[in-house]
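# An overview of the molecular structure
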Amino acid sequence: MDMRIEVFCDVKDGALVLREPRQTHIRQNILTCDPSMNRQLDVLDRLGASNVPLTILGEAGCGKDTIAQYAHAVSSRRDKPFLKINCAYLPEGQVAPELFGSGAREGLLSRAAGGSLYIENIDLLSGSTQYRLMEHIQAGMGRPDEIRYMICLSDPDAFQRSHVLIGQLVDHFSSLIFNILPLRERPEDILLITMQQLRLIYEQYRVERTVSPRLMSAILACDWPGNIRQLDKTINRMAFMTDGVLM
């Protein structure tokens, strides 16, 4: 059996069973035993009372929005709003009204006052919207209702190749960078997330499945380019197409 499996699991009736409760490795909404991830989460814990902006880097499907939620949950503004916008999902003409409001409708920048605003794919903003956002950020600095901003870019390389229009925003957000390692670089988390997903499937659908050491070894050997999102979907499909122990 894979040594990485032996560290965390026992085998019962041909299926893996976690040796320790999963809660041992859960911090708020994040399941991890990776030292690098935990060190970065420690930093977010220590900066809980700060307004320091946060840039979250990582491949698609690695849980950037989950990190943003964690940063808000451990902050002193946890009782204030946590709002988010994904610039990739909205047509260009709808992004600015969503942020700044339109007519009598309040925008996210007003509704998030005193709380946190997570802006996904911020580098896809138009130049004019980037300038308006930077002006709003600078005007709110030091105010009691100042927003804590968190951002991610459309891909990790976008941070290095950001053009001049977003330069000020990138500089502003570069004070704290959370770089999420892909799953292939933290295999123990692959194991924990697989076991967690099987538990969630049982809790939600009452479909009880377990996994064999042989299959877990194969799961650990995969690259998982889609990271957590891909792993969860794969486990779901396997669980609904197989009975009992996933071999």
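Let me begin by describing the structure that accompanies this report. (Residues numbered from 1 in each chain as written. Predicted model: local features only at pLDDT ≥ 70, side-chain atom pairs only at ≥ 80, totals over all residues. Heavy atoms only, no water.)

### A closer look at the environment of leucine 41
- Tracing the backbone through its elements, the reader meets leucine 41 in helix 2 (residues 35-46).
- Overall, the relative accessible area of 0% leaves leucine 41 in the buried class.
- The sequence separation of leucine 41 and tyrosine 70 amounts to 29 residues, and the corresponding C-alpha distance is 8.4 Å.
- Setting aside residues up to four positions removed in sequence, leucine 41 forms contacts with Arg27, Ile30, Thr32, Ile67, Tyr70 and Phe178. (Helix = DSSP H or I, 4+ residues; strand = E, 2+ residues; numbered from the N terminus. Buried < 20%, exposed > 50% of the residue type's maximum accessible area, 1.4 Å probe, protein only. Contact = heavy atoms within 4.5 Å.)

### So, the packing of helix 2 against helix 3 (residues 64-73)
- Between helix 2 and helix 3, whose axes approach to 9 Å, the crossing angle comes to 40°. Read as a crossing pair, helix 2 and helix 3 show a hand that is right-handed. On the side of helix 2, the interface is formed by Met37, Leu41, Leu44 and Asp45, while helix 3 contributes Ile67, Tyr70 and Ala71.
- A class-by-class count of the residues in the contact of helix 2 with helix 3 yields 6 nonpolar, no polar and 1 charged. (Axes fitted to C-alpha atoms, helices over the stretch in contact; angles between N-to-C directions. Left-handed = near helix turned anticlockwise from the far one by under 90°. Nonpolar A, V, L, I, M, F, W, Y, C, P; charged D, E, K, R; others polar.)

### Here's the deal with the packing of aromatic side chains
- All chains considered together, the criterion is met by 1 aromatic pair.
- Taken together, a centroid distance of 5.3 Å and an interplanar angle of 85° make the contact between tyrosine 205 and phenylalanine 240 edge-to-face. Taken together, the positions of tyrosine 205 in helix 9 (residues 187-205) and phenylalanine 240 in helix 11 (residues 227-241) put the pair 35 residues apart, joining distant regions of the chain.
- Arginine 132 extends its terminal NZ or CZ atom over the ring of phenylalanine 100, reaching a point 3.9 Å from the ring centre.
- Lying over the aromatic face of tyrosine 202, arginine 206 brings its terminal NZ or CZ to 4.9 Å of the ring centre. (Phe/Tyr/Trp six-rings, centres within 6.5 Å; stacked < 30°, edge-to-face > 60°. Lys NZ or Arg CZ within 6 Å of the ring centre and 35° of its normal.)

### Quick word on the nonpolar core
- Ranked by size, the top nonpolar core spans 24 residues in total, and within it Leu191, Met216 and Leu231 carry the most contacts.
- Of all elements in the fold, only helix 1 (3-8), helix 9, helix 10 (213-221) and helix 11 reach the threshold of two or more residues within this core.
- Looking at this core element by element, the count peaks at 7 residues for helix 9.
- Excluding anything up to four places from it in sequence, leucine 231 contacts Leu183, Ile190, Ile193, Thr194, Ile219 and Trp224.
- Counting 22 residues, the second-largest nonpolar core is a separate cluster that includes Cys87, Phe100, Leu109 and Ile122. (Core = buried A, V, L, I, M, F, W, Y, C linked by side-chain atoms within 4.5 Å.)

### Some points on the sheet that holds strand 8 (residues 148-152)
- An order of 6-7-8-5-9 is seen for the 5 strands of this open sheet, with the pairing classed as parallel. Two strands bound the open sheet, and with one partner strand each, they are strand 6 (82-86) and strand 9 (177-179). Mean inter-strand twist for the sheet, computed between neighbouring axes without regard to direction, equals 15°.
- Pairing geometry for strand 5 (residues 54-57) and strand 9, over 3 bridges, is parallel. Bridge assignment links isoleucine 56 to a residue of strand 9, and that residue is phenylalanine 178. (Pairing = 2+ DSSP bridges.)

### Some remarks on the pattern of salt bridges
- For the coordinates displayed, the defined rule picks out 10 salt bridges.
- Arginine 27 is the salt-bridge partner of aspartate 42, the closest N and O atoms lying 3.0 Å from each other. Note that aspartate 42 is positioned in helix 2 and arginine 27 in strand 3 (residues 26-27), a separation of 15 residues in sequence.
- Arginine 184 is the salt-bridge partner of glutamate 59, the closest N and O atoms lying 2.5 Å from each other. Taken together, the residues glutamate 59 in the loop between strand 5 and helix 3 and arginine 184 in the loop between strand 9 and helix 9 connect sequence positions 125 residues apart.
- Residue class for arginine 184 comes out partly exposed when judged on its relative accessible area of 36%.
- Taken together, the salt bridges that share partners define one network made up of Arg27, Asp42 and Asp45. (Salt bridge = Lys/Arg side-chain N within 4 Å of Asp/Glu carboxyl O.)

### Considering the packing of helix 9 against helix 10
- Orientation of helix 9 relative to helix 10, taken along the N-to-C sense of each, is 130°, at an axis distance of 9 Å. Here helix 9 lies oblique to helix 10, going by the angle between them. Crossing hand, helix 9 versus helix 10: right-handed. Contacts between helix 9 and helix 10 involve Pro187, Ile190, Leu191, Thr194 and Met195 on the former and, on the latter, Met216, Ile219 and Leu220.
- Looking at the contact of helix 9 with helix 10 residue by residue, the classes come out as 7 nonpolar, 1 polar and no charged. (Parallel < 35°, antiparallel > 145°, perpendicular 65-115°, else oblique.)

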